[in-house]
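# A look at the structure
Residues per chain are reported as follows:
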Amino acid sequence: MKRINKTKLNIRSLGLGRFSGVLMVFIVMFGFMYLYFVQSSIFNIVAREKVDKEISSVNSQVAVLESQYLKARGKVTIEFASRLGLEEDFNKMNFANVDNSFVKGGLSFLSDEI
């Protein structure tokens, strides 16, 4: 009866030395690291593009609001304010307007005081 020798399968029996085994481990490890960093870069690029779109959307909304403000600012006059029930009281000044082109009646800085 023949006896079958059972040998353990290990790295050395495959013909790989210690250096080759370590090298294989590093190659596999660096391969996974490469895939991780490529995936992270792609996700960051997608997120940055999404943020850029949101920023441009907010900028366009701000531009629309600014144009609406400038249109509304041009419509405010002393006559319009009096129709709303407001009245002129230049003895008591609550605000100062540097640009007097829209409001007539002398609202301005007095001795650099508000």
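If you're wondering where the values come from, they're calculated on a predicted model, not measured in any experiment. (Residues numbered from 1 in each chain as written. Predicted model: local features only at pLDDT ≥ 70, side-chain atom pairs only at ≥ 80, totals over all residues. Heavy atoms only, no water.)

## A look at the overall build of the protein chain
Here is the rule we go by: Helix and strand assignments follow DSSP, with helices taken as H or I runs no shorter than four residues and strands as E runs no shorter than two, numbered in order from the N terminus. Throughout, exposure labels follow a simple rule: accessible area from a 1.4 Å probe, protein chains only, divided by the maximum for the residue type, with under 20% read as buried, over 50% as exposed, and the rest as partly exposed. The Shrake-Rupley method, run with a 1.4 Å probe sphere, supplies the accessible areas, and residue values consider only the shown protein chains as cover.
What the protein chain contains, in helices and strands, is 2 helices and 0 strands. Expressed as a percentage of the 114 residues in the protein chain, the buried residues total 4%. Of the accessible surface of the protein chain, which amounts to about 11000 Å², a share of 62% is contributed by carbon and sulfur atoms.

## Regarding the packing of aromatic side chains
Basically, it comes down to this: Any Phe, Tyr or Trp ring, taking Trp's six-membered ring, that has another such ring centre within 6.5 Å forms a pair; planes under 30 degrees apart are called stacked, those over 60 apart edge-to-face, and the others tilted.
A complete count under the given rule lists 2 aromatic pairs for this structure. Considering the side-chain rings of phenylalanine 26 and phenylalanine 30, the 6.0 Å spacing of their centres and the 25° angle between planes classify their relative orientation as stacked. Pair noted here: phenylalanine 26 and phenylalanine 30 are both in helix α1 (residues 18–75), with a separation of 4 residues, about one helical turn. Exposure remark for phenylalanine 26: the relative accessible area of 40% places this residue in the partly exposed category. Arranged with centres 5.3 Å apart and planes meeting at 65°, the rings of tyrosine 36 and phenylalanine 37 form a pair that is edge-to-face. Residue classification places phenylalanine 37 among the partly exposed positions, given a relative accessible area of 48%.

## Brief notes about a nonpolar patch on the surface
We count it as follows: Only residues above 30% relative accessible area that lack a salt bridge enter a patch, with like-charged residues linked at up to 9 Å and the nonpolar side chains Val, Leu, Ile, Met, Phe, Trp and Tyr linked at up to 5 Å. Counted as salt bridges are all cases of a side-chain nitrogen of Lys or Arg within 4 Å of a carboxyl oxygen of Asp or Glu.
Residues Val28, Phe32, Tyr34, Leu35, Val38, Ile42, Phe43 and Val46 make up a contiguous nonpolar surface patch of roughly 840 Å² in combined accessible area. Relative to the assigned elements, leucine 35 resides in helix α1. Taking relative accessible area as the criterion, leucine 35 reaches 53% and is therefore assigned exposed.

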